[in-house]
There are 4 protein chains.
Amino acid sequence: MPPRITRRSDAARTAILTAAVELVGEVGYGKSSIEAIAARAGVGKQTIYRWWPSKGSVLLDAYLDANVGGEPEDPQGLPNTGDLVADIKAVLRATVDELNDPRFERPLRALTVAVLEDESLAAEYSRRLDEPTRRLKKERLCAAQRQGQLSPEVDLDAVVDTLFAPVAQRWLLRSGPLTYEYTDHLVETVLTGLLWPRS
Amino acid sequence: MPPRITRRSDAARTAILTAAVELVGEVGYGKSSIEAIAARAGVGKQTIYRWWPSKGSVLLDAYLDANVGGEPEDPQGLPNTGDLVADIKAVLRATVDELNDPRFERPLRALTVAVLEDESLAAEYSRRLDEPTRRLKKERLCAAQRQGQLSPEVDLDAVVDTLFAPVAQRWLLRSGPLTYEYTDHLVETVLTGLLWPRS
Amino acid sequence: MPPRITRRSDAARTAILTAAVELVGEVGYGKSSIEAIAARAGVGKQTIYRWWPSKGSVLLDAYLDANVGGEPEDPQGLPNTGDLVADIKAVLRATVDELNDPRFERPLRALTVAVLEDESLAAEYSRRLDEPTRRLKKERLCAAQRQGQLSPEVDLDAVVDTLFAPVAQRWLLRSGPLTYEYTDHLVETVLTGLLWPRS
Amino acid sequence: MPPRITRRSDAARTAILTAAVELVGEVGYGKSSIEAIAARAGVGKQTIYRWWPSKGSVLLDAYLDANVGGEPEDPQGLPNTGDLVADIKAVLRATVDELNDPRFERPLRALTVAVLEDESLAAEYSRRLDEPTRRLKKERLCAAQRQGQLSPEVDLDAVVDTLFAPVAQRWLLRSGPLTYEYTDHLVETVLTGLLWPRS
DNA sequence: TTTTAAACGAGACGGTACGTCGCGTCTTTAT
DNA sequence: ATAAAGACGCGACGTACCGTCTCGTTTAAAA
């Protein structure tokens, strides 16, 4: 490992990410400003601009720092008790809990808004957050296929979308309450098959 | 119908909505400003503030004007050829076409960003755009139930979510290309049932 | 007189000029900022930038407002008691008093610094401050010529420079104390002739 | 002479002074920055701050280096051909030439601005530049007194001010063109006596 | 010759101010 | 009476420099 060339201050980095998450949690994405983040972090604005191209980029780093912790790529996968339906329900219930907790919800919504507005941030988001998560989900589904719980022919990407996108969408657009009932019902509907009479 | 009480200038209204859509289509939501909309519309800023509470509200009106045309609630429902799978595929293909057309995509994305950031706008959006659309979709699915193509027990809301949310999500987050292949595949996966061995 | 086209706020204008003079008097030209002037005046920065191109320009207007009072071009000329030497001495003593009074000295020094650095401001300064003043001085000298106290052939511009520039210079560069002794002595030296034996 | 205590780099010193003069000559005093000087000199900012307290101080050193060359206090005095008027005219003509040459004018103006704004720099300027120069001028005038060309009673300081301040002032404030005509005329006016009828 | 302490280049840091843009309000002018 | 025009107080933008503070790296004096 070559010696670090830059003398970046980790204290400043941490203070900025923390301040960003807090601020965005308090006043929302649109009303947060880089100026306010810097002030709350006790940092010069330039220190933010030096290392991040945009407010959204700060939020992405903050989210990654908070949710992945460190270097090791998220090691633990989705639960596998042998019961696919129960496991997916549990995962979605956990998601519901998070999305109903303002401490998580506000920054995540802010990050999402940023991603919607900024194509290049969307790419980074995809690469660093969406894809790793999707991979874990597919791994769980793949295990279910191997265990004979899921048709081996089904497209796992489509299944993942089908299970998780409705929740994300309902949350994002606030088109309805996010409850265990909703997600449980969704899982049952999706995983039970829909056409009738069954071919 | 009672005579209009306000002397609201329809010319100004139209100019503002047009300018808003154009501007947002050119520079995106975040970089658009009420100031610029007013300038482009040849209108005083106050004329905008008089009638709309926010930029997002202007966009919502603009979208409704453009896509519904006028007062009468969108009368035509989804196509019904008797083949549910084909009809849904056609609807999603049309959606894909729209979302891939920058003239529609940019303002719609802008509107969505506005909705994400503004809870009260989200409510209005839900009422005036999301719910009417959802009603049409459910009507088509309900017809399929009556025709014996779909289990009578299935929750139509869940089916609608399952079919349309993945597309919306993929579009919003740009997590993948929006193609006919994707939507066709999605419809087949969702409507064919997933568990194996079946029940 | 045509009706005013702009709706400029006189309250803001006055507040800005006052704040500028005060601030410059307290911390000096270099350490004054437009930001601080605006803050002290209770005014938005843009209101300064809208009407003045630079800090120095504000100071010039402030100086003119303070020292000329209003529209009528400074009507009173230099004193004329019939005794040229005494009159010039009195004028220079008054100048000394002003330049030794921090309330006048600091803003005037600030203005001068601004003029030195900005060619176009120098032109305006010349036109609006220097030339009117010089005209008054020359009028007094011209009267002396008509009264036979001064050679009719002498170049009045040169005499004005000779009498006033040394004081200005000593003040500007702080190359010595500004006292009545100095100015009295200067007037005597200049107006008495220097060559010896005379012509 | 004790050995140098500090290991100051003469290469750096020279590079800094050169860069300062060049930069100030190109963009003016106000728009020059220590940062830019350091960059142009290929030097760390700290190396400037280590040895000079301010931008103006650098300029003063640069001016002294350029115009005095080295340690020995400017040995050559003003010309003395025996004709005072001609000699002073020649000196002023040389001054005019310098002040009309942008390569000298810009840095000198910058230095002057710095001196106006900084009282302690003014003191140093006085001691190291103004006074030595003034001494030379007075020596020439003193010689004229000894030669019977100038009244023995006249105050030489006043005469120096009277002859040189008008030129400096006209240059500084750009209140008129700097020409040989002006300076020649000035010398004649000053040195010929002004009162009439001559006492 | 080797050591060693300074001065060096580089540049990150917490800040201040820049000059611009846009906010939402308010006032004036001209239909 | 209503609309365009746009000035206003305000706040944030992203940039430029401030002066201070580490960082390794010369480099020249002392050992």
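Structure first, text after, so check above.
Here goes a summary of the coordinates provided. (Residues numbered from 1 in each chain as written. Chains lettered and ligands numbered in written order. Predicted model: local features only at pLDDT ≥ 70, side-chain atom pairs only at ≥ 80, totals over all residues. Heavy atoms only, no water.)

## Description of the relation of the copies chain A and chain B
Going by this rule: Least-squares fitting of one copy onto the other uses the C-alpha atoms of those residues that reach a pLDDT of at least 70 in both copies.
It takes a turn of 180° to lay chain A on chain B, together with a shift of 0.1 Å along the axis; the resulting RMSD is 0.1 Å. What we have between these two chains is a two-fold relation.

## Considerations on the pattern of salt bridges
Residues and elements named next belong to chain C. Quick note on the threshold: In what follows, salt bridge is the name for a side-chain nitrogen of Lys or Arg lying within 4 Å of a carboxyl oxygen of Asp or Glu. Only runs of H or I of at least four residues qualify as helices and only runs of E of at least two qualify as strands under DSSP, and these elements are numbered from the N terminus. For the exposure calls, accessible area comes from a 1.4 Å probe over protein chains only, and a residue counts as buried if that area is under 20% of its type's maximum, exposed if over 50%, partly exposed in between.
Within the structure shown, the criterion is met by 68 salt bridges over all chains. Measuring nitrogen to oxygen at the nearest pair gives 2.6 Å for the salt bridge that ties aspartate 184 to arginine 93. Here aspartate 184, found in helix H9 (residues 180-192), pairs with arginine 93, found in helix H5 (residues 84-100); they are 91 residues apart in sequence, far enough to count as distant. Given the relative accessible area of 13%, aspartate 184 is considered buried. Using a relative accessible area of 32% as the deciding quantity, one classes arginine 93 as partly exposed. A salt bridge links arginine 109 to glutamate 105; its shortest N-O distance comes to 2.9 Å. Here glutamate 105 and arginine 109 lie together in helix H6 (residues 102-117), a separation of 4 residues that amounts to about one turn.

## Things to note about the interface of chain C and chain D
We count it as follows: Contact definition: two residues touch when any of their heavy atoms are within 4.5 Å. Buried area: the sum, over both parts, of the accessible surface (1.4 Å probe) that disappears when the two are put together. Distance and chemistry together define a polar contact, namely a pair of N or O atoms within 3.5 Å, with one atom able to donate a hydrogen and the other to accept it when in protein, and with adjacent residues in sequence counting only for side-chain atoms on both sides. Just so you know the grouping, Ala, Val, Leu, Ile, Met, Phe, Trp, Tyr, Cys and Pro go in nonpolar, Asp, Glu, Lys and Arg go in charged, and all remaining residues, Gly too, go in polar.
In this assembly, 48 residues from chain C lie in contact with 48 residues from chain D. Both faces considered, chain C and chain D share a buried interface measuring about 4100 Å² in area, 63% of it formed by carbon and sulfur atoms. Summed over the shared surface of chain C and chain D, the result is 2 salt bridges. The tally of links between chain C and chain D comes to 12 residue pairs in polar contact (both at pLDDT 80 or more). Listing elements by their share of the side of chain C that touches chain D, those giving two or more residues are H6, helix H7 (119-146), helix H8 (156-173) and H9 of chain C. Top element by residues in the side of chain C that touches chain D is H8 of chain C. It accounts for 11 residues. Of the residues in the side of chain C that touches chain D, the class split is 24 nonpolar, 14 polar and 10 charged.

## Looking at the packing of H5 of chain C against H7 of chain C
Residues and elements named next belong to chain C. Filter applied, for reference: Helix axes use the C-alpha atoms of the stretch in contact, all axes being lines fitted to C-alpha atoms, and the angles between their N-to-C directions lie in the range 0 to 180 degrees. Reported orientations rely on four angle classes, namely roughly parallel under 35 degrees, roughly antiparallel over 145, roughly perpendicular from 65 to 115, and oblique for the rest.
Running from amino to carboxyl end, H5 crosses H7 at an angle of 170°, the nearest separation of the two axes being 11 Å. It follows that H5 is roughly antiparallel to H7 by the angle criterion. Of the residues in H7, those touching H5 at Leu84, Asp87 and Ile88 are Arg140, Leu141 and Ala144.

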